[in-house]
Amino acid sequence: MIYRSLLKRITAHPFSPLTYFLLPISMIFFVDSTLSFIFPIYIEEALGSNMLLGVVMAASSVIGIVCDLIFPQLLRNMTWKKQLILGIIISFSFPLLVVFGKETAMIGIFFMASMLWGVYYEFLSFSEQNFMTSEEPKKYYSNVWGILFAFSQLTGILGPILGSFLLRSTNLTLLGVIIFLQSISFVCALGLSVHIHKKIGVQQEAKTSSLHVKREMRYWLVLAKRIFPAIVLGVWLEAIEAMFWTLGGLFGREMASEGGFDWLPVVLYSAPFIVGSLLLSRLNIQSGKKHITHIMLIIAGLMLAPLYVVRDSQIIVSLLIVISSFALSFAGPLNEAIYSDLMSRASQYKEDVLGLAKANSSFAYIVMPILELCDISCWFLNLFCPQKI
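Residues numbered from 1 in each chain as written. Predicted model: local features only at pLDDT ≥ 70, side-chain atom pairs only at ≥ 80, totals over all residues. Heavy atoms only, no water.

S.K.: Where do I start with helix H2 (residues 17-47) in this structure?
M.R.: In an α-helix there are 3.6 residues to a turn, and that puts residues three or four apart on one side. Given a rise of 1.5 Å per residue, 31 residues ought to cover 45 Å, and the 44 Å separating the end C-alpha atoms of H2 matches this to within 8%. Of all 31 residues in H2, 23 are buried, a share of seventy percent or more. Just beyond H2, the residue with positive phi is glycine 48, at close to 65 degrees. (Helix = DSSP H or I, 4+ residues; strand = E, 2+ residues; numbered from the N terminus. Expected span 1.5 Å × (residues − 1). Buried < 20%, exposed > 50% of the residue type's maximum accessible area, 1.4 Å probe, protein only.)

S.K.: Would you take a moment to explain empty space enclosed by the protein for this structure?
M.R.: A water-sized probe, rolled over the atoms, reveals where empty space remains. In the structure shown here, the tally under the stated rule is one cavity of 30 Å³ or more. Contributing to the lining of the largest cavity are 40 residues, with Tyr121, Glu238, Glu241, Ser361 and Tyr365 lying nearest its centre. Elements that contribute at least two residues to the lining of the largest cavity include exactly H2, helix H3 (50-74), helix H6 (107-135), helix H7 (141-167), helix H11 (228-255), helix H12 (264-282), helix H14 (314-346) and helix H15 (350-384). The greatest single-element share of the lining of the largest cavity, amounting to seven residues, is contributed by H7. Residue classes in the lining of the largest cavity are distributed as 15 nonpolar, 18 polar and seven charged. (1 Å grid on protein atoms, 1.4 Å probe; cavity = no way out; pocket = protein on both sides within 12 Å on 5 of 7 lines; lining within 4 Å. Points joined across faces, edges and corners; volume = space filled by probe spheres on them. Nonpolar A, V, L, I, M, F, W, Y, C, P; charged D, E, K, R; others polar.)

S.K.: Explanation requested: unusual backbone geometry in the structure shown.
M.R.: It is generally the case that most residues other than glycine have a negative phi and that most peptide bonds are trans. Its identity is not glycine, yet alanine 105 carries a phi of approximately 55 degrees, on the positive side. Here alanine 105 is to be found in the loop between helix H5 (93-104) and H6.

S.K.: What's the story with the packing of H2 against H3 in this structure? I'm lost.
M.R.: Packed helices, taken two at a time, are described by the angle their axes make and the gap between the axes. Axis separation between H2 and H3 bottoms out at 9 Å; the angle between their running directions is 140 degrees. Between H2 and H3, the angle falls in the class oblique. Crossing angle aside, the handedness with which H2 passes H3 is right-handed. Of the residues in H3, those in contact with Phe39, Pro40, Ile43, Glu44 and Leu47 of H2 are Asn50, Leu52, Leu53, Val56 and Met57. (Axes fitted to C-alpha atoms, helices over the stretch in contact; angles between N-to-C directions. Parallel < 35°, antiparallel > 145°, perpendicular 65-115°, else oblique. Left-handed = near helix turned anticlockwise from the far one by under 90°. Contact = heavy atoms within 4.5 Å.)

S.K.: Would you take a moment to explain the packing of helix H4 (residues 80-91) against H6 for this structure?
M.R.: One way to put it is that H4 packs onto H6 with a least axis distance of 8 Å and a crossing angle of 160 degrees. What the angle tells us is that H4 and H6 run roughly antiparallel. Crossing hand, H4 versus H6: left-handed. Between H4, through Trp80, Gln83, Leu84, Leu86, Gly87, Ile88, Ile90 and Ser91, and H6, the contact on the second element is made entirely by Leu116, Val119, Tyr120, Phe123, Leu124, Phe126, Ser127, Asn130, Phe131, Ser134 and Glu135.

S.K.: So what exactly am I meant to see when it comes to the packing of aromatic side chains here?
M.R.: The way to describe two aromatic rings as a pair is by their centre distance and the angle between their planes. Scanning the entire structure with this criterion turns up 14 aromatic pairs. Look at phenylalanine 21 and tryptophan 80: their rings are 5.4 Å apart centre to centre, the planes differ by 85 degrees, and that puts the pair in the edge-to-face class. Of this pair, phenylalanine 21 sits in helix H2 while tryptophan 80 sits in helix H4, and the two are 59 residues apart along the sequence. A relative accessible area of 4% places tryptophan 80 in the buried class. Seen in terms of ring centroids, phenylalanine 149 and phenylalanine 273 are 6.3 Å apart; in terms of plane orientation they differ by 25 degrees. Their pairing is stacked. Here phenylalanine 273 lies in helix H12 and phenylalanine 149 lies in helix H7, a separation of 124 residues in the sequence. Take phenylalanine 273: its relative accessible area is 3%, and that puts it in the buried class. (Phe/Tyr/Trp six-rings, centres within 6.5 Å; stacked < 30°, edge-to-face > 60°.)

S.K.: Which parts of the structure should I look at to understand a nonpolar patch on the surface?
M.R.: A grouping of Ile295, Ile299, Leu319 and Ile323 is seen on the molecular surface, where their side chains present a nonpolar patch of about 330 Å² in accessible area. Within the fold, isoleucine 323 resides in helix H14. On the basis of relative accessible area, isoleucine 323 is assigned to the partly exposed category, the value being 34%. (Patch = residues over 30% accessible without salt bridge, like charges linked within 9 Å, V, L, I, M, F, W, Y side chains within 5 Å. Areas by Shrake-Rupley, 256 points an atom, 1.4 Å probe, with all protein chains shown as cover. Salt bridge = Lys/Arg side-chain N within 4 Å of Asp/Glu carboxyl O.)

S.K.: Explanation requested: the confidence of the model for the protein in the structure shown.
M.R.: A residue-level look at the protein finds 78% of positions with pLDDT of 70 or above and a mean pLDDT of 77. Between the elements of the protein, mean pLDDT differs from a low of 42, seen in helix H9 (residues 199-205), to a high of 94, seen in H5. A low-confidence stretch, residues 199-208 (pLDDT under 50), is modelled with nine contacts involving residues beyond four sequence positions or located in other chains. Segment residues 383-389 is flagged for pLDDT under 50; beyond a separation of four residues in sequence, or across chains, it makes 16 contacts in the model. (pLDDT = per-residue confidence, 0-100.)

S.K.: It is not clear to me how the environment of proline 95 should be interpreted in this structure. Could you clarify?
M.R.: Position of proline 95 relative to the elements: it lies in helix H5. The buried category is assigned to proline 95, whose relative accessible area is 0%. Along the sequence, proline 95 and glycine 176 sit 81 residues apart, while their C-alpha atoms lie 9.9 Å from each other. When residues no more than four places from it in sequence are discounted, the contact partners of proline 95 are Leu35, Leu175, Ile178 and Gln182.

S.K.: Is there a simple way to explain helix H13 (residues 289-304) in this structure?
M.R.: Helix length check: H13, at 16 residues, gives a terminal C-alpha distance of 22 Å against a target of 22 Å (1.5 Å per residue), a fit within 8%. Residues of H13 that are buried: Lys289, Thr293, Met296, Leu297, Ala300 and Leu304. Each buried residue of H13 sits inside an arc of 100 degrees when the element is viewed along its axis, so together they form one side. In this structure, H13 carries His291, Ile298 and Leu302 as exposed residues pointing more than 90 degrees from its buried face. (Arc of directions from axis to C-beta.)

This is the structure in structure tokens:
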């Protein structure tokens, strides 16, 4: 029934913008989730320091905040299609630098890779949210975000599995597979740009954009006071996401020394997201998004809170993670839908709202990796595999 509703939503209009958008965005997120699994492992193996791993990973989000500050002005008149294409083009540099950093064990190369990762991911994030407010009716925001989250989390499952195999392959194989998938995404994005071509978008891009950082910060201060609850929710959601994506691969390698199931912790986190997001796509939630998000976030917190107490039972720990992830599968898309609502009402300031929203995510990805990998990592590794600490 769940998959039937998803297929009905897409096949009802097989040539709709959503159908075309899902092809390139899902493929590039598949690449991103694969490299997100591999990158921390390469850094830890090359540098041998959890602290340095946290700092390098946080660098992508530092650049992300810079992008969040300047993109609302520089990209104000750029269509979401060009944002998507530019993001994919920049992403080609990421696997090259990752492999080069692995071979040279130079921290500077890893920093460059992390920063470029942050830049291209911001392009993709801006494109995704701008697609929503430009192409989808407001009443369908929660439904469509459910679909996008479902596809994103599906790649979150497939990516680590592919990454596990690529970790045991040669550098040439890794680069060949990743660049091939990126090329498919790029071709699909070009086809999307040709299919969905609006004159109004061309006219808007003809306008000039200027950069005023201080003015943008003033906008953020004004907006932050009005949407503070959404900001708190966004930071907390992204903090949990950052914890699993930063440490998931490392935990998996500790749990499965032979490397056979090193993708398992990430799958345990991602799989319930698909089910919950697809359920959400069936519901036509147009009001009460904030309250539902609050409730689901509280449930997720209650499930994660006793992890240390029950750390000796991997079955109970896994079950708590699954339940928590299922609750977050509603909170995540609904929180994005809240920001889409805000953007649709903000008119000429919608890019500023988007920049502030994405800055929250970047902030969580700066703080959590460093905290986790300094202190929490030892606790979490002991949680899953105490015999190895």
